[in-house]
Amino acid sequence: MKTLHGLYHLVRADVYERIRRRSFLIILAITIFAGYLFVPPADAGYRVLQVGAQRGIYNSQWIGLMFGLIAAMHLPLVGFYLVKNTVERDRLTGVGQIIATTPVSKVTYVVGKWLSNLAILTAILGAMTVMAAIMQLLRGEDAAINVWVLLTWIWLMGMPVLALAAAMAVLFECVSFLRRGLGNVIYFAIWLGALISVLSGSIDEATGLVHPTSDLYGFTRQMADIQGQVMAADPDAEIGSSLVSPTGDSEGTFVWEGSGWKPRAILERVIWLGIAGAVALVAAIPFDRFDPARRRGQGSAVRISQLSEDGPAASHSAAMADRIAKLIPGVHRDDMGRGQPTQTSNLPIPAGGVRRGEVIPHLTPLIAPARGWRFFGVFAAELKLMLKGQSLFWYAGALALNLACLLNPSEEAQRYLLSMVWIWPILVWSQMGVRERRFGTEQMLFSVPRPALRQLPATWLAGVAVAIIAGSGAWLFLALHGEMVSLLAWLVGALFVPALSLALGVWAGNSRAFEAAYLLWWYAGLIEQVPALDYAGATAAGLQTGVPLVYLGISAALVAMAVIRRRQQIQA
Amino acid sequence: MRLVIDGVSKVYKGNVWGLRSFGMELNPGVLALVGPNGAGKSTLMRILATITQPTEGRVTWTGVDRSTLEDKAPVDISRSPDELREVLGYLPQDFGIYPNLNAVEFLEYLAALKGLDSRTARRRIDELLRVVNLGEVSRRPLGGYSGGMKQRVGIAQALLNDPQLLIVDEPTAGLDPEERVRFRNLLSELAGDRIVILSTHIVSDAEATATEIAIIDKGRLLEHGAPERMLQAVEGKVWHWVIPSKELAAVQQQHLLSSTARRSDGVHVRVVSDSLPGTGAQTAEPALEDAYLYYLSRANGSRSGVGVP
């Protein structure tokens, strides 16, 4: 009972803290807008979910299935990055150390965080459900709104996967090496892997039909029913399905009444929910209970007010009292807490104490005072900030990758190698525009003259330098092979990615926004080679249509946006 | 050189007043801002440091041209913050560092942002690290520093550009007693030709260095003046009184006590009171702590012994 009470308050405080942020309202607004886009009118030029060349009319079953698919397939990606900061917040605010000294167990804590994550994602799911009903009314293809159907479709499909994403967010936050950017990259790979494997694994190669297996998204039974219906009407129909597709010429609609949710299908969803709970519980094992001694050496934001006083300076505390007693006239050793003064003591020291013979510190006045912008100094320091503290593994990987690019094993391998150099420095870039907040240096940086203009262009160019250094094998390869257009397009990419990172970092205030957005962009542009998203000249179509020029303009706009936003932040 | 704060108010979300019609004029010297937690000291300092915009009122800065040593034209710091930032040194109450840089690299970074050329910066950093006693550890990553050592890095960065206006918010927080004395001495040394604003809730720190003291509570300025004047105000109102320990609770209820100490003959208390608190009490020489409590108590009207003159 006591545990439940503690758990309730843990979740309540956490949820309140999150939903009272403006960012939560923004997320809800985006959800509502996305919900509007999910149910396009007939002339929108695209469709969400079609089977063969047809889609179901917008009744509650069909809309429920569409929203359920999006909630199960895509929301877990956005949702993970949205909620993966709750343990970190406790760590940074110092609340964690207070919680650690209460009787709250590790299991209660991680379960509380999981439930809090889930509550946030559930609120989004709730907004999606409301939006589904509104869109059905708005499109008016079937006026009868079946709330029960909307609820079961969207929640049975979405909830277990969201629970899993919420649990993985807690788990990742508790494992030291997954806590930051590397975890974000790994989650993206897991999400993509799951999507590809579930989608391909649920298709029976012999018939081309989906077969009901125990799948993560819980969609195959419904999809098999739809395919059956389409085939019954037209045995020669092409029954491949796609989630978002452009409308062609021969599309039609049909009425799908849904196959309902049988107990077995519901049980499968409950099992996934159980797996999510198990993942959350597993997080208790690596959870360090905010013990700084178990933290990996560096990288955490250490603010003065949160520091424990057990650092190197504490070592000389024993001898301190005697020294102070000699140092300050009128203070006796016994006055200082039995000769053990605390390091942070606010102990009143009598005014004016100067040790006999001590030299009063003296500072030479500056003859040449500060004069304007020292771009190179700031640039060099920014570059140092980016590169210092990277692990040896990172440098070794970058070196190996670039050597491999130059040695050119095969054309196909080369394509992937050239793409990989664009992903290797992602965690270096993702700190741009965020570092000040993360490490609490904002007030010092913001009180220098023209802070945004002095710092951000230098930060951006340091990011460009990182791209050029970390991708030297790639651009050298292009230069050596005389592919000058590709080389120029590559350099545009080197300008674009740090600009994107800087802008998203300054606007979002965290590194996750860039990590998630860039991973998708990189995957779509360089791996799937969608010409419009090819920012680095990887596709012939992109090069021919002048896409790099567009990205050059976008880069400049992004840097300008970062500067504008930073100026607003400074003035706020 | 002059800093004029004119009717400055700051209202936070939810109609919470951080400062209310705050006004004062500052000339070279050390001003200690003292007040209880949440009094508005940090709000005022952030406004003066151009980090926060006031909701009402304005702050005008008159700097000195370093070559001619003449006063420049006054500027409103909300409109032209960069004029002040050029000559500003600011140590926030709560700040962080980059754990992978060492002290020299971190200071070089801030020096570049402040516009110091690298030769000047290097000399200055060497000197500052000696002054704040970090010379020996200057090449160690900051991530391994103790709280007090990081605080000293913060102090060093505030002094990088030899500021004309130095704002230090709770500068001695986290410093050990030896370093606190050292820092006080440094402040006194610096005060000659610049305006130093120091916030603290440790009155003895203010007593040691300040040429002027401002007492602030609930966003309002209660008193501003030289320490001597404040001491004069409590002249004859501070009492030393020995009482039996069982009477301590009752005395605490009735009077404003600035200190208590148990001794073999009873409890020695210092009472701040307009009139004789009880038989056997003798007047004592006032200290700034007494004056501080006196003004706060008078503003809050919480103890019967202190009346409004």
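Rules used throughout
Residues numbered from 1 in each chain as written. Chains lettered and ligands numbered in written order. Predicted model: local features only at pLDDT ≥ 70, side-chain atom pairs only at ≥ 80, totals over all residues. Helix = DSSP H or I, 4+ residues; strand = E, 2+ residues; numbered from the N terminus. Buried ≥ 20, exposed ≤ 12 C-beta atoms within 10 Å, placed from the backbone. Contact = placed C-beta atoms within 7 Å. Rg over C-alpha atoms; globule rule 2.2 N^0.38 Å. Pairing = 2+ DSSP bridges. Axes fitted to C-alpha atoms, helices over the stretch in contact; angles between N-to-C directions. Domains from an automatic or database assignment. Expected span 1.5 Å × (residues − 1). Parallel < 35°, antiparallel > 145°, perpendicular 65-115°, else oblique. Left-handed = near helix turned anticlockwise from the far one by under 90°. Nonpolar A, V, L, I, M, F, W, Y, C, P; charged D, E, K, R; others polar. pLDDT = per-residue confidence, 0-100. Core = buried A, V, L, I, M, F, W, Y, C linked by C-beta atoms within 7 Å.

Scanning chain A from N- to C-terminus turns up 24 helices and four strands. Among the 572 residues that make up chain A, the fraction classed as buried is 41%. At a minimum sequence separation of 6, the contacts of chain A that also span at least 24 residues come to 75%.

Right, let's talk about the overall build of chain B for a bit. Of regular secondary structure, chain B possesses 10 helices and 14 strands. The C-alpha radius of gyration of chain B comes to 22 Å, within 12% of the 19 Å expected for a compact globule of 309 residues. Projected onto its principal axes, the C-alpha coordinates of chain B cover approximately 70 × 45 × 40 Å. Expressed as a percentage of its 309 residues, the buried residues of chain B come to 57%. For chain B, restricting intrachain contacts to residue pairs at least 6 apart in sequence, the fraction spanning at least 24 positions comes to 68%.

So, about unusual backbone geometry. Residues and elements named next belong to chain A. The phi dihedral of L49 falls on the positive side, at around 65°, and the residue is not glycine. Secondary-structure assignment places L49 in strand β1 (residues 46–51). Residue classification places L49 among the buried positions, given that 21 C-beta atoms sit within 10 Å.

A few words on the sheet that holds strand β1 (residues 2–12) of chain B. Residues and elements named next belong to chain B. With respect to topology, four strands assemble into an open sheet ordered β2-β1-β4-β5, the strand pairing being antiparallel. A strand with exactly one partner marks an edge of an open sheet, and here the two such strands are β2 (16–26) and β5 (75–76). In the sheet, strand β4 (residues 56–62) pairs with β5 via two bridges, with the strands oriented antiparallel. The residue of β5 that forms the bridge with T60 is D76. Against the sheet, helix α1 (residues 41–48) touches β1, β2 and β4, its axis set at about 60° to β2.

Right, let's talk about the domain arrangement of chain B for a bit. Residue and element names in this part refer to chain B. Domain boundaries assigned for chain B yield domain 1 (2–229) and domain 2 (232–300). Each of domain 1 and domain 2 was reduced to a C-alpha centroid, and the two centroids are 34 Å apart. With 11 residues of domain 1 at the interface, the matching set in domain 2 holds eight residues.

Okay, the environment of S197 of chain A next. Among the secondary structure elements, S197 of chain A is positioned in helix α9 (residues 181–201). Between the C-alpha atoms of S197 of chain A and A572 of chain A, which are 375 residues apart in sequence, the distance is 47 Å.

So, on to helix α22 (residues 512–527) of chain A. All names here are of chain A. Under the 1.5 Å per step criterion, the end-to-end length of α22 is 21 Å for 16 residues, consistent within 8% with the ideal 22 Å. All of the buried residues along α22 are R512, F514, E515, A516, Y518, L519, W522, G525 and L526. Buried residues belonging to α22 abut α4 (75–83), α9, α15 (411–420), α16 (426–429) and α21 (484–508). Just downstream of α22, Q529 is the residue with a positive phi angle, here 55°.

All right, on to the packing of helix α3 (residues 60–73) of chain A against helix α8 (residues 147–174) of chain A then. All names here are of chain A. The contact between α3 and α8 brings their axes to 8 Å, and the two run at 15°. Between α3 and α8, the angle falls in the class roughly parallel. Of the two possible hands of crossing, α3 and α8 adopt the one that is right-handed. Only V149, L150, W153, I154, M157, G158 and V161 of α8 make contact with α3, whose side of the interface consists of S60, Q61, I63, G64, L65, F67, G68, L69, A71 and A72. Tallied by class, the residues present in the contact of α3 with α8 amount to 12 nonpolar, five polar and no charged.

Further remarks concern the confidence of the model for chain A. When pLDDT is averaged along chain A, the result is 83, and 84% of the positions lie at 70 or above. Long-range and interchain partners of residues 352–357 of chain A, a stretch whose pLDDT sits below 50, account for eight contacts in this model, where long-range means more than four residues apart.

Bringing the environment of A513 of chain A into the picture now. Residue and element names in this part refer to chain A. Residue position: A513 is located in helix α22. What makes A513 partly exposed here is the crowd of 19 C-beta atoms within 10 Å. When the C-alpha positions of A513 and T93 are compared, they lie 21 Å apart, and in sequence the two are 420 residues distant. In contact with A513, not counting residues within four places along its chain, are L504 and A508.

Another aspect to go through is α4 of chain A. Within α4 of chain A, seven of the nine residues are buried, leaving the element largely enclosed by the surrounding structure. Buried within α4 of chain A we find L75, P76, G79, F80, Y81, L82 and V83 of chain A.

Residue and element names in this part refer to chain A. The domains assigned to chain A are domain 1 (2–290) and domain 2 (375–571). For domain 1 versus domain 2, the separation of C-alpha centres amounts to 31 Å. The interface of domain 1 with domain 2 comprises eight residues on the first partner and nine residues on the second. Per-element accounting of the side of domain 1 that touches domain 2 gives the leading share, six residues, to α9. Among the residues making up the side of domain 1 that touches domain 2, the classes are represented as five nonpolar, two polar and one charged.

Here the focus is the sheet that holds strand β6 (residues 88–91) of chain B. All names here are of chain B. A sheet is described by the order of its strands in space; here six strands give the open sequence β6-β7-β8-β3-β9-β10, paired in mixed fashion. The sheet is open, and its two borders are formed by β6 and β10 (220–225), each paired with just one other strand. Taking the axes of each pair of neighbouring strands and ignoring which way they run, one obtains an average angle of 15° across the sheet. As judged from the five bridges shared by strand β7 (residues 165–169) and strand β8 (residues 195–200), these two strands associate in the parallel manner.

Residues and elements named next belong to chain B. Burial along β6 is two-sided: L88 and Y90 and G89 and L91, pointing in opposite directions, are all buried. Sheet analysis places β6 next to β7, joined by four bridges and oriented parallel. Across the sheet, the residue bridging to Y90 is I167, located in β7.

All names here are of chain A. Among the nonpolar cores identified, the biggest contains 228 residues, and A166, A167 and V170 are the most heavily contacted of them. When residues of this core are assigned to their parent elements, the largest contribution, 21 residues, is made by α8. Those residues in contact with A167 that sit more than four places away from it in its chain are W114, A276, V279 and A280.

This part takes up the pairing of strand β9 (residues 212–217) of chain B. Residues and elements named next belong to chain B. Where burial is concerned, most of β9 is hidden: five out of the six residues are buried. Pairing between strand β3 (residues 29–34) and β9: four bridges, direction parallel. When the sheet's bridge partners are listed, V34 is paired in β9 with I215. Direction of pairing for β9 relative to β10: antiparallel, over a ladder of five bridges. Within β10, the residue paired with I216 across the bridge is L221. Count of turn residues in the β9/β10 antiparallel hairpin: two residues, of which K218 carries a positive phi of about 50°.

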